[in-house]
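Examination of the molecular architecture
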Amino acid sequence: MFENLSDRLGGVFDRLTKQGALSEDDVAAAMREVRVALLEADVSLPVARSFVKAVTTKATGAAVTKSITPGQQVVKIVHDELIKVLQGEDAPDALRIDNPPAPILMVGLQGSGKTTTTAKLAKRLADREKKRVLMASLDTQRPAAMQQLAILGQQIGVDTLPIVPGENAVQIAKRAKQQATLGGYDVYMLDTAGRLHIDQVLMDEVQAVRDVAQPRETLLVVDGLTGQDAVNVATEFDGKVGISGVVLTRMDGDGRGGAALSMRAVTGKPIRFVGLGEKMDAIEVFDAHRVAGRILG
Ligand code: GDP
């Protein structure tokens, strides 16, 4: 019994690469396993289907040169198709933070890793790009969340907007913009309130904040381990708020690429970063080649 997509595909293609020639039946047999493996990795059914279809068409008609076995050829076709789906065509490779102070809106459900990711990205911008960053928590329902951001800010040496009790999210967003402008910051990050489930109150609040802040980037933070749920959350947020990209957290916890594959295929939105742990440096730019390599094993 294979545990994950990488192992499974690895097993399938290991067998294929040992054969001299690849028949249509071989391709069909391999693709059945690929499909099951994709589904087991929580890739949505339509995505798995269209992926397998594209690969089958290419594999069946493909010319095989002497230097590579038919099995290796299929591996290459699967790999290239994975990259195509994961990467898309329009993925920006850096955050858009021109015209200072550039607002970045962070959205997502509670527990997704939103506050942690806000601080990680702030640290990245400060350390690597030497940007002056201001972070503000808009979670008026949970004083602990505001405190958490302030503590993280101290840890990483990034300023946070002072907490003023009694303000609502829109008021905080306005104050953050004002302080970022007056204080000469390059970027200000708005860490919006999370909820356990998507509800109208959450969406209304996020929309109001968006309208005030006019963010250059709206990043949705989702738990990469929740698979199909993560994709549903992304579809919902994109429809209601409009997102410019996704951050998949907890990608350290599980090697499967299922959520990443479905996310890109279903929402059409690029995965911009992946979270790889609890530490403040545990974040990386999303790398389609690396994920494809991991899926293939
Ligand atoms: P929020 O409610 O969405 O703001 O979530 P938090 O930022 O408070 O994160 C919830 C928990 O997930 C914390 O214990 C984080 O340290 C942890 N966490 C966040 N991102 C990652 C990640 O990429 N990997 C792992 N392993 N844990 C993470």
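Residues numbered from 1 in each chain as written. Predicted model: local features only at pLDDT ≥ 70, side-chain atom pairs only at ≥ 80, totals over all residues. Heavy atoms only, no water.

An unreviewed UniProt entry annotates the protein chain as Signal recognition particle protein originating from Paracoccus aestuariivivens. What UniProt states about the protein chain under its Subunit (unreviewed entry) heading is, verbatim, "Part of the signal recognition particle protein translocation system, which is composed of SRP and FtsY. SRP is a ribonucleoprotein composed of Ffh and a 4.5S RNA molecule." Quoted verbatim from the Catalytic activity (unreviewed entry) field of the UniProt record, the comment on the protein chain reads "GTP + H2O = GDP + phosphate + H(+)". (UniProt positions renumbered as here; feature names shortened; annotations may be inferred.)

1. Some thoughts on the overall build of the protein chain
For the protein chain, the helix and strand inventory stands at 11 helices and 8 strands. The buried share of the protein chain, reckoned over its 297 residues, is 49%. Of the contacts made within the protein chain by residues no fewer than 6 positions apart, 75% connect residues no fewer than 24 positions apart. For the protein chain, the exposed area adds up to about 13,700 Å²; of that, 50% sits on carbon and sulfur atoms. (Helix = DSSP H or I, 4+ residues; strand = E, 2+ residues; numbered from the N terminus. Buried < 20%, exposed > 50% of the residue type's maximum accessible area, 1.4 Å probe, protein only. Contact = heavy atoms within 4.5 Å. Areas by Shrake-Rupley, 256 points an atom, 1.4 Å probe, with all protein chains shown as cover.)

2. Here's the deal with the site of the ligand
In the neighbourhood of the ligand, 18 residues make up the surrounding shell, with G111, K114, T116, R250 and D252 lying closest. Take T116: an N or O atom from its side chain is 2.5 Å from an oxygen atom of the ligand. Between the ligand and Q148, the relevant distance is 3.1 Å, taken from an oxygen atom to a side-chain nitrogen or oxygen of the residue. When the ligand is considered free in solution it has 580 Å² of accessible area, and contact with the protein chains removes 82% of it. In a pocket analysis with a 2 Å cut-off to the grid points, the ligand is assigned to the largest pocket. Top element by residues in the shell around the ligand is helix α5 (residues 114-129). It accounts for 4 residues. Of the residues assigned to the shell around the ligand, the class counts are 2 nonpolar, 10 polar and 6 charged. (Near = heavy atom within 4 Å. Polar contact = N/O pair within 3.5 Å; in protein donor to acceptor, adjacent residues only side chain to side chain. 1 Å grid on protein atoms, 1.4 Å probe; cavity = no way out; pocket = protein on both sides within 12 Å on 5 of 7 lines; lining within 4 Å. Sits in = over half its atoms within 2 Å of the grid points. Nonpolar A, V, L, I, M, F, W, Y, C, P; charged D, E, K, R; others polar.)

3. Let's talk about the sheet that holds strand β2 (residues 133-137)
On the basis of which strands lie adjacent, the open sheet formed by 8 strands has the order β3-β2-β4-β1-β5-β6-β7-β8 and mixed pairing. Edge positions in the sheet fall to β3 (159-160) and β8 (283-285), since each has one partner strand and no second. Helix-sheet contacts for helix α10 (residues 258-267) involve β5 (217-223), β6 (245-249) and β7 (271-275), and the interaxial angle to β6 is about 170°. (Pairing = 2+ DSSP bridges. Axes fitted to C-alpha atoms, helices over the stretch in contact; angles between N-to-C directions.)

4. Here we look at the layout of surface pockets
Taken as a whole, the largest pocket encloses approximately 380 Å³ of empty space. The wall of the largest pocket is formed by 20 residues, among which S112, G113, K114, T116 and R250 lie closest to the centre. Broken down by element, the lining of the largest pocket gets its largest block of residues, 5 residues, from α5. Its residues placed into classes, the lining of the largest pocket shows 3 nonpolar, 11 polar and 6 charged. A volume near 200 Å³ is recorded for the second largest pocket. Surrounding the second largest pocket, 15 residues form its lining, A91, P92, D93, I271 and F286 being those nearest its centre. Taken together, the elements giving at least two residues each to the lining of the second largest pocket come down to α4 (70-87) and β7. In terms of residue count, β7 provides more of the lining of the second largest pocket than any other element does, 3 residues in total. Residue composition of the lining of the second largest pocket, grouped by class: 11 nonpolar, 1 polar and 3 charged. (Points joined across faces, edges and corners; volume = space filled by probe spheres on them.)

5. Details of the pattern of salt bridges
This model, assessed by the stated rule, comprises 17 salt bridges. The residue D98 makes a salt bridge to R216 at a minimum N-O spacing of 2.6 Å. Of this pair, D98 sits in the loop between α4 and β1 (102-108) while R216 sits in the loop between α8 (200-213) and β5, and the two are 118 residues apart along the sequence. Judged by its relative accessible area of 40%, D98 is partly exposed. Connected via shared salt-bridge partners are R96, E217 and R272. (Salt bridge = Lys/Arg side-chain N within 4 Å of Asp/Glu carboxyl O.)

6. A word on the UniProt feature "domain: SRP54-type proteins GTP-binding" (unreviewed entry) in the protein chain
Feature annotation in UniProt places "domain: SRP54-type proteins GTP-binding" (unreviewed entry) on residues 270-283, given in this structure's numbering. This span, residues 270-283, is 0% helix and 43% strand, and a straight line between its end C-alpha atoms measures 16 Å.

7. A look at the pairing of β1
Burial analysis of β1 places 7 of its 7 residues in the buried class, which makes it a mostly covered element. Neither face of β1 is exposed, since A102, I104, M106 and G108 on one face and P103, L105 and V107 on the opposite face are all buried. Here β1 runs beside strand β4 (residues 187-191); their pairing, made up of 5 bridges, is parallel. Following the sheet pairing, P103 is matched in β4 by Y188.

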